[in-house]
Amino acid sequence: MATRVIPVDPFDLVIFGGTGDLAMRKIIPGLYRRFVAEQMPKDARIIGAARGELDDDGYRDFAREAIEKYVHAKNHDKDKIRDFLKCLSYFRIDALGEDGWKDLARIVRKDVVQAFYFSVGPRLFGALAKRLHKYKIAGPNARIVLEKPFGHDLESAKVLNAELAEYFDETQIYRIDHYLGKETVQNLMAVRFANILFEPLWNSQYIDHIQITVSETVGVGGRGGYYDKSGAMRDMVQNHLMQLLCLIAMEPPAHFDPDSVRDEKLKVIRALDPVPVDDIVRGQYRAEGDDPSYVEDAENPDSRTESYLAMKVHIANWRWNGTPFYLRTGKRLRARKSEIAVVFKEPPHSIFEPQEGRRCNELIIHLQPNEGMDLRVTIKEPGPGGMRLMDVLLDMSFAEALGEDAEDITDAYERLIMDVIRGNQTLFMRGDEVEAAWRWVDPIIQGWIDRGDKPKPYDAGSSGPEDALMLMHREGRRWREITE
Ligand SMILES: NC(=O)c1ccc[n+]([C@@H]2O[C@H](COP(=O)([O-])OP(=O)(O)OC[C@H]3O[C@@H](n4cnc5c(N)ncnc54)[C@H](OP(=O)(O)O)[C@@H]3O)[C@@H](O)[C@H]2O)c1
């Protein structure tokens, strides 16, 4: 199945932090793939910017290595890599200094789309925005792209938003949550709003509950110091899980345009009830064999930061009153998996004999490791022997549907960068969304601090703390297994 590719307009993309991990692992390989797909025009320019001493050729060597490492081997075409690298150059600059900015102003073209990717720590966001404005580098249609974390709490997010607003209009600010760039996440909107099948059932009358799981097998080693100041709530729930929750729960927007979609998402966040203490379970992984515990990884023996979080959340509106949303995320769990499971209610009356182990309809949206969807339905067990029922999965995995082309599913980053160039903000977070999310999260975190709340230990490689199972069991529900 060939994918239609519409080339974007010529652009200059300056990647501040162009030598960093994110640039090399995601941004450059993603742009290369778009170049191969002929979506990126040949006269586009990518300017890596950082403080390090490098020349253009040195930067291209870095980029070549990144492409060879992170792009699928079938796309390693020498000629294409050479042509792509011609679009790259390097510019030495310190976000906090004043040297070099006038030169950058001369280099960045005024007659093409201008995009500035802030692939640096958030403490530099304000400085970069200010200098892009001060040295008249960014024109009125320029776009800036910001990486998470977007603030540490409501106060810091407000300060950051206000700082950016001094120099850029909201329509120019692209706050990335790469979960929103995933094919399946957008498919969620297509499934909900382009089919008549699901939307009539998409409410508390027919949906028993919804589970959102983002589990990781890795610990926090290597970034323990950063993570320990953050924890699962700030690192995952406030952004990624919240965004998934919004897309699942929002009302159909009037149009598929950025503000219509984001208005509806914002309403969901604003409708979130405060979460009672008993509806949250926090955990910290223990040591296992030679593998360190969370507090060892974080190098903080007294740490009370959670590496695991499970919670039951209510959305106080007509559609969802009575349908809980269970969110769970954690490090060092049994498998790496991100999924949303929509668990429907039983039919109101059964004409069949009750049967052990039968489950309700479920729509499972897989985000990681493989993207796709499953729909669990009940059918008659084939063969003679009476009317016995069984559950089967209608598998809508992209790997099946697309065959070999499944490998070509666009990575979230490359899709989002192309959206930046096209000027489409639908899949980016608006400032008020980010603030609303912090407004809901902050009192929960403050409650933990006030109560001196300590996370529960859990075994590395498990599904998380026992108490998290109870969060479901006490209401006659159960989590889906964390397996790949
Ligand atoms: N890596 C990921 O997978 C990932 C995922 C999600 C979000 N993020 C976010 O993305 C941002 C970048 O992450 P990263 O992992 O790429 O970080 P990184 O590997 O530490 O790279 C930081 C980059 O910023 C440059 N830099 C640092 N200080 C600078 C300054 N004063 N002026 C100009 N350039 C400066 C560095 O080069 P020089 O030192 O040579 O200047 C380097 O190119 C962070 O905000 C991070 O939280 C990263």
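Up top is the structure these notes are about.
Predicted model, so just to flag it, every value in this text is computed and none were measured.

Details of the packing of aromatic side chains
Two aromatic rings, taken as a pair, are described by how far apart their centres are and by the angle between their planes.
Logical step 1: For the coordinates displayed, the defined rule picks out 16 aromatic pairs.
Logical step 2: Measuring from centroid to centroid gives 6.4 Å for Phe16 and Phe116, while their planes differ by 20°, and the two rings are stacked. Of this pair, Phe16 sits in strand β1 (residues 11–16) while Phe116 is found in strand β4 (residues 113–118), placing the two residues 100 residues apart along the sequence. With respect to class, Phe16 is no different from Phe116; both count as buried.
Logical step 3: For the ring pair Phe16 and Phe118, a centre distance of 6.0 Å and an interplane angle of 70° mean the geometry is edge-to-face. Highlighted residues: Phe16 in strand β1 and Phe118 in strand β4, separated in sequence by 102 residues.
Logical step 4: Exposure remark for Phe16: the relative accessible area of 2% places this residue in the buried category.
Logical step 5: The class of Phe118 is buried, set by a relative accessible area of 0%.
Logical step 6: The aromatic ring of Tyr179 is capped on one face by Lys182, whose charged end is 5.7 Å from the ring centroid.
Logical step 7: The residue whose ring lies beneath Arg282 is Trp448, and the NZ or CZ to ring-centre distance is 4.1 Å.

Examining the packing of helix α7 (residues 183–194) against helix α9 (residues 231–249)
Logical step 1: Where α7 contacts α9, the axes come no closer than 9 Å and their chain directions differ by 15°. In terms of orientation, α7 and α9 fall into the roughly parallel class. Every pair of crossing elements has a handedness; the one defined by α7 and α9 is right-handed. Between α7 and α9, the residues in contact are Val185, Leu188, Met189 and Arg192 and Leu244, Leu247, Ile248 and Ala249, respectively.

Conventions adopted
Residues numbered from 1 in each chain as written. Predicted model: local features only at pLDDT ≥ 70, side-chain atom pairs only at ≥ 80, totals over all residues. Heavy atoms only, no water. Phe/Tyr/Trp six-rings, centres within 6.5 Å; stacked < 30°, edge-to-face > 60°. Helix = DSSP H or I, 4+ residues; strand = E, 2+ residues; numbered from the N terminus. Buried < 20%, exposed > 50% of the residue type's maximum accessible area, 1.4 Å probe, protein only. Lys NZ or Arg CZ within 6 Å of the ring centre and 35° of its normal. Axes fitted to C-alpha atoms, helices over the stretch in contact; angles between N-to-C directions. Parallel < 35°, antiparallel > 145°, perpendicular 65-115°, else oblique. Left-handed = near helix turned anticlockwise from the far one by under 90°. Contact = heavy atoms within 4.5 Å.

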